[in-house]
Amino acid sequence: MTLFRQLMMTIVVIFSVILVVVMGINFNTTKGYLINQLESTTQDSATSLSMTVSDFMAKEDYASVDSAINAVFDSGYFSEVRIHVYATDKDIVRANETKINGVPQWFIKLISFDVPQANAVISNGWNELGQVYITGSAGYGYYQLWEASRDLLLSFVIIGVMTILFGSIALRYLFKPLAEVEKQAEAIQQRQFIKMDKLPKTRELKSVVQSMNRLTEKLEKDFDAEAETVQWLQAKAFKDPVSGLGNRHFFESQAKSYFASNDRTMDGLLLVNLSDLGKLNNERGYEAADMFIRASAQIMAEKVQSVASSASIARLSGADFIILIPNIDQARLQRVVDDILDGLMTLIPNQISYGDAVANIGAVSLSGKVSRSNAMAQADAALREAKANGANTSRVFDAITGQETAIGRLAWKEILERAIANKAFLLRKQKVVFFEEDKKVMHEEVFASLEHEGKQYHAGYFIGLAEQFDLGDQLDKVVILRVIEFIRRRKSTDLPALAINLAASSYSKPEFMTWLDHTLQGLDSALRHQLVFEVTEQNVLAAEEQVFVLSQLLRKHDVRFGVDNVGKQFTTFHYLQQLMPDYVKVDPSYTKMATGKESESFFMHILCKMFSSLNIQVVATGIESEQQLSRLAKFDIAAGQGFVVDRAQDM
């Protein structure tokens with residue numbers, strides 16, 4: 001129960017006690033006053049009547065006596081007026097049945113009213129002729145008590161309602177700082193550090209607010225220091241200080257994870273060698289050489305990111321760069337190579353390069369069957385051949401096996417449009433399992449694939465093409481509806497939720513967001529709880545505002561939300577403070593680092609600790625061995641995903 005309600009209930013209880021006490025005192029006082037007044041009136045009337053009828057009694061004029069009795073009876077609140085005549089030993093009586101009008105029956109039964117009775121002797125001289133007996137009316141007492149009690153109760157009710165109304169307004173105004181402090185505390189729990197600039201005038205509340213502001217400042221500094229430490233460790237371990245790209249260690253960790261995956265499709269591997277870097281360094285100094293490296297790195301990064309945001313680019317050594325582009329065919333790879341070389345050629349007129357010779361590029365188009373060592377050897381061979389052909393040349397090798405099954409881009413467009421129209425995608429699901437909850441399933445991630453001419457192609461083959469053909473949102477709609485249909489068919493709320501990875505082109509479209517909002521609105525809460533949505537970190541960094549809108553929409557419908565491939569990009573992770581996802585899936589390269597050198601596992605530990613401090617569950621992906629599983633259990637990791645945990649199964 002809230003403090004506001006407790007205080008309001010306290011006010012109501014105190015007011016009720018006051019009402020009961022005041023009504024009790026007022027009732028007893030009024031009752032006593034009425035009884036005393038009735039006793040006095042009755043006695044006065046009895047005395048007056050005895051004096052009035054004394055002469056009539058002496059003359060035995062009983063008609064006049066009866067008239068006098070009637071006069072007294074009609075002029076007061078009496079239930080009976082009686083005169084006992086000694087001479088005849090008879091009574092002259094005037095009485096009426098007591099009637100109580102305007103008073104509830106329950107009040108009459110609840111209240112006892114002692115009716116007073118007065119008497120007086122009738123005498124004439126020294127002779128006693130009779131005696132007068134007058135009994136008061138209970139109806140008058142009940143009526144007066146009821147009127148007084150009712151008026152007092154109504155007055156208290158009106159005053160009480162007004163007190164509660166104005167008191168609630170006053171309390172809400174006084175409690176406004178407390179409500180802000182509560183929001184501030186909840187924000188701190190979510191690692192959102194907000195401060196209250198307007199201090200309340202109440203001394204105690206002002207002290208609380210100031211303490212909370214100081215706590216917020218301290219926690220903000222601590223979190224920033226923690227994030228900077230993670231960024232510094234990440235840069236120290238994986239970032240080349242000159243080019244700003246990944247270093248050899250970064251590429252090896254990415255390549256080791258990527259080439260171990262069974263979901264590889266058509267990939268591209270590029271080796272870029274800058275010409276005459278040594279001469280530039282010797283003749284113009286290291287600053288000119290560093291400028292050449294930075295300018296070249298920026299051009300390569302821009303050209304590659306425009307094609308594939310999931311690409312890995314690194315500087316291997318002084319003049320050598322390497323680029324791994326997933327999900328790219330040979331024709332697109334050739335265009336990327338040409339674009340990079342054209343971009344590097346712009347350094348010649350700006351005199352950033354040593355001379356007219358800028359770079360050579362060797363690239364190879366790979367299939368999922370080509371090993372890492374073989375891929376590196378073929379890329380190196382392509383680079384050597386490019387160098388043999390002269391300055392500013394490139395060479396692209398084709399190492400894809402099974403060329404008879406290769407599908408062109410236009411053919412893929414027709415295949416995807418037909419699959420979307422027919423909802424012909426095949427769905428698989430893979431479990432994500434908690435480490436410390438008896439292997440309880442956190443959720444199951446959904447993977448899409450399609451079949452063409454007897455061969456099955458997983459999402460890696462066509463997701464990139466679907467984005468290029470602006471079909472990503474249509475593909476996601478099909479998958480979402482298929483998953484919802486699957487959940488309805490299984491008719492159980494105890495089964496794990498299903499996680500769907502959304503394409504960037506989907507949630508960046510307002511019409512898709514409107515469709516998703518209406519779709520989730522039409523589902524019952526039990527079904528919504530069995531849905532989870534994910535986005536990749538590279539898409540978050542590319543469109544953070546759109547992802548925030550998506551997270552707010554999902555949070556409105558009480559649908560869980562996660563970020564995939566976290567840690568692959570060089571970032572401070574401050575975007576997590578705004579998005580506050582329910583969980584993050586750490587890039588598989590970090591999973592391999594956890595079982596590597598002590599320095600690498602320490603970085604993984606710091607990274608997971610930072611995520612846990614944000615109350616975000618950490619999921620390790622790409623777990624392929626029991627050794628990795630046992631080592632990861634020692635970190636602040638909630639759950640794991642990979643072949644050793646569970647293999648994907650058809651839905």
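Residues numbered from 1 in each chain as written. Predicted model: local features only at pLDDT ≥ 70, side-chain atom pairs only at ≥ 80, totals over all residues. Heavy atoms only, no water.

### Observations concerning the overall build of the chain
Phase 1 of the analysis: Within the chain, the regular secondary structure consists of 22 helices and 19 strands.
Phase 2 of the analysis: Relative to its length of 651 residues, the chain is extended, with a C-alpha radius of gyration of 47 Å against a globular reference of 26 Å.
Phase 3 of the analysis: If one aligns the C-alpha atoms of the chain with their principal axes, the spans along those axes are about 160 × 60 × 45 Å.
Phase 4 of the analysis: Burial statistics for the chain: of 651 residues in total, 47% are counted as buried.
Phase 5 of the analysis: Residue pairs in contact within the chain that sit at least 24 positions apart in sequence constitute 70% of those at least 6 positions apart.
Phase 6 of the analysis: On the chain, roughly 32400 Å² of surface is accessible, and the fraction owed to carbon and sulfur atoms is 52%.
Phase 7 of the analysis: Here the chain carries 67 positive and 78 negative side-chain charges, and the mean point of each set is 5 Å from the other. (Helix = DSSP H or I, 4+ residues; strand = E, 2+ residues; numbered from the N terminus. Rg over C-alpha atoms; globule rule 2.2 N^0.38 Å. Buried < 20%, exposed > 50% of the residue type's maximum accessible area, 1.4 Å probe, protein only. Contact = heavy atoms within 4.5 Å. Areas by Shrake-Rupley, 256 points an atom, 1.4 Å probe, with all protein chains shown as cover. Lys, Arg positive; Asp, Glu negative; His and termini not counted. Charge placed at Lys NZ, Arg CZ, Asp CG, Glu CD.)

### Concerning the layout of surface pockets
Phase 1 of the analysis: In this structure, the second largest pocket spans a volume of roughly 380 Å³.
Phase 2 of the analysis: At five residues, the largest contribution of residues to the lining of the second largest pocket is made by helix H4 (residues 138-189).
Phase 3 of the analysis: Class assignment of the residues belonging to the lining of the second largest pocket gives a composition of seven nonpolar, one polar and six charged. (1 Å grid on protein atoms, 1.4 Å probe; cavity = no way out; pocket = protein on both sides within 12 Å on 5 of 7 lines; lining within 4 Å. Points joined across faces, edges and corners; volume = space filled by probe spheres on them. Nonpolar A, V, L, I, M, F, W, Y, C, P; charged D, E, K, R; others polar.)

### Quick word on empty space enclosed by the protein
Phase 1 of the analysis: Per the stated rule, a full pass over the model turns up three cavities of 30 Å³ or more.
Phase 2 of the analysis: There is about 70 Å³ of room inside the largest cavity.
Phase 3 of the analysis: Ranked by the residues each element gives to the lining of the largest cavity, the list is headed by helix H12 (residues 459-468), at four residues.
Phase 4 of the analysis: Counted by class, the lining of the largest cavity contains six nonpolar, three polar and two charged residues.

### Concerning helix H9 (residues 330-345)
Phase 1 of the analysis: The first and last C-alpha atoms of H9 sit 22 Å apart over 16 residues, in line with the 22 Å expected at 1.5 Å per residue.
Phase 2 of the analysis: Those residues of H9 that sit buried are Arg-332, Leu-333, Val-336, Val-337, Ile-340, Leu-341, Gly-343 and Leu-344. (Expected span 1.5 Å × (residues − 1).)

### A word on the sheet that holds strand S4 (residues 127-136)
Phase 1 of the analysis: Read from one edge of the open sheet, four strands run S2-S1-S4-S3, paired in antiparallel fashion. Single-partner strands in this sheet number two, and they are strand S2 (90-95) and strand S3 (117-124). Sheet twist, expressed as the mean angle between neighbouring strand axes with direction ignored, is 15°.
Phase 2 of the analysis: Direction of pairing for strand S1 (residues 78-85) relative to S4: antiparallel, over a ladder of seven bridges. Looking across to S4, one finds that His-84 is bridged to Gln-131.
Phase 3 of the analysis: Sheet contacts for helix H1 (residues 3-58): S1, S3 and S4; angle to S3, the most-contacted strand, approximately 25°. (Pairing = 2+ DSSP bridges. Axes fitted to C-alpha atoms, helices over the stretch in contact; angles between N-to-C directions.)

### A few points about the packing of helix H7 (residues 277-284) against helix H8 (residues 286-305)
How two helices pack is summed up by the angle between their axes together with the distance between the axes.
Phase 1 of the analysis: For the pair H7 and H8, the least separation of the axes is 6 Å and the interaxial angle reads 145°. Residue-level inspection shows Leu-277, Leu-280, Asn-281 and Arg-284 of H7 in contact with H8, the latter providing Tyr-286, Ala-288, Ala-289, Phe-292 and Ile-293.
Phase 2 of the analysis: Its residues assigned to classes, the contact of H7 with H8 shows seven nonpolar, one polar and one charged.

### Observations concerning the pairing of S3
Phase 1 of the analysis: Strand direction decides the pairing type here: S3 and S4, joined by eight bridges, are antiparallel. Its bridge partner being in S4, Val-121 is matched across the sheet by Gln-131.
Phase 2 of the analysis: In this structure, the hairpin formed by S3 and S4 is closed by a connection of two residues, where Gly-125 is found at a positive phi of approximately 70°.

### A word on the packing of helix H13 (residues 472-490) against helix H15 (residues 510-521)
Phase 1 of the analysis: Close contact between H13 and H15 brings their axes to 11 Å; oriented N to C, the two are set at 10°. The orientation of H13 relative to H15 falls into the category roughly parallel. Taken together, the residues of H15 that come into contact with H13 (itself represented by Asp-473, Asp-476, Lys-477, Ile-480, Leu-481 and Ile-484) are Phe-512, Trp-515, Leu-516 and Thr-519.
Phase 2 of the analysis: Residues belonging to the contact of H13 with H15 are distributed by class as follows: six nonpolar, one polar and three charged. (Parallel < 35°, antiparallel > 145°, perpendicular 65-115°, else oblique.)

### Points about the pattern of salt bridges
Phase 1 of the analysis: Evaluation of the coordinates by the stated rule reveals 14 salt bridges.
Phase 2 of the analysis: Its salt-bridge partner being Asp-470, residue Lys-509 comes within 2.7 Å of it at the nearest N-O pair. Separated by 39 residues along the polypeptide, Lys-509 in the loop between helix H14 (504-507) and H15 and Asp-470 in the loop between H12 and H13 bring together distant segments of the chain.
Phase 3 of the analysis: When its relative accessible area of 15% is taken as the criterion, Lys-509 is described as buried.
Phase 4 of the analysis: Classification of Asp-470 by relative accessible area gives partly exposed; the value is 42%.
Phase 5 of the analysis: Residue Glu-485 is joined to Arg-489 by a salt bridge in which the shortest nitrogen-to-oxygen separation is 3.4 Å. Here Glu-485 pairs with Arg-489, and both are found in helix H13, just four residues apart, close to one helical turn.
Phase 6 of the analysis: Classification of Glu-485 as partly exposed rests on a relative accessible area of 41%. (Salt bridge = Lys/Arg side-chain N within 4 Å of Asp/Glu carboxyl O.)

### Let's talk about unusual backbone geometry
Phase 1 of the analysis: The backbone phi angle of Asp-89 is positive, close to 55°, even though this residue is not glycine.
Phase 2 of the analysis: For Asp-89, the location among the structural elements is in the loop between S1 and S2.
Phase 3 of the analysis: Positive phi values are uncommon outside glycine, yet Met-580 reaches one of about 45°.
Phase 4 of the analysis: Residue position: Met-580 is located in the loop between helix H19 (575-579) and strand S16 (583-586).

### Comments concerning a positive patch on the surface
Phase 1 of the analysis: Together, Lys-176, Lys-183, Lys-198 and Lys-201 make up a positively charged patch on the protein surface.
Phase 2 of the analysis: For Lys-176, the location among the structural elements is in helix H4. (Patch = residues over 30% accessible without salt bridge, like charges linked within 9 Å, V, L, I, M, F, W, Y side chains within 5 Å.)

### Comments concerning the nonpolar core
Side chains that are nonpolar tend, in soluble globular proteins, to be buried together.
Phase 1 of the analysis: Ranked by internal contacts, the top residues of the largest apolar core, which has 99 residues, are Trp-412, Leu-416, Leu-516, Leu-531, Phe-533 and Phe-611.
Phase 2 of the analysis: Once residues lying within four places of it in the same chain are set aside, the contact partners of Leu-416 are Phe-425, Leu-450, Phe-462, Leu-465, Ala-466, Phe-469, Leu-471 and Leu-475.
Phase 3 of the analysis: Among the nonpolar cores identified, the runner-up in size contains 35 residues, and Ile-293, Met-300, Val-337 and Leu-344 belong to it. (Core = buried A, V, L, I, M, F, W, Y, C linked by side-chain atoms within 4.5 Å.)

### Side note on H8
Phase 1 of the analysis: Over its 20 residues, H8 extends 28 Å from the first C-alpha to the last, a length consistent with the 28 Å expected when each residue adds 1.5 Å.
Phase 2 of the analysis: All buried positions along H8 are accounted for by Ala-289, Phe-292, Ile-293, Ala-295, Ser-296, Ala-297, Ile-299, Met-300 and Val-304.
Phase 3 of the analysis: Buried residues in H8 make contact with strand S5 (267-274), H7, strand S6 (312-315), strand S7 (320-325) and H9.

### Observations concerning the sheet that holds S6
Phase 1 of the analysis: With respect to topology, five strands assemble into an open sheet ordered S6-S7-S5-S8-S9, the strand pairing being mixed. The outermost strands of the open sheet, each flanked by one partner alone, are S6 and strand S9 (394-398). Each strand of the sheet is rotated relative to its neighbour by a mean of 10°, with strand direction disregarded.
Phase 2 of the analysis: Pairing of strand S8 (residues 359-366) with S9 involves five bridges; the strand directions are parallel. From the neighbouring strand, Gly-362 faces S9, where its bridge partner is Arg-395.
Phase 3 of the analysis: Against the sheet, helix H10 (residues 372-388) makes contact with S5, S7, S8 and S9, and its axis sits at roughly 145° relative to S8, the strand it touches most.

Honestly, that's just the spatial picture; any functional story needs more than this.
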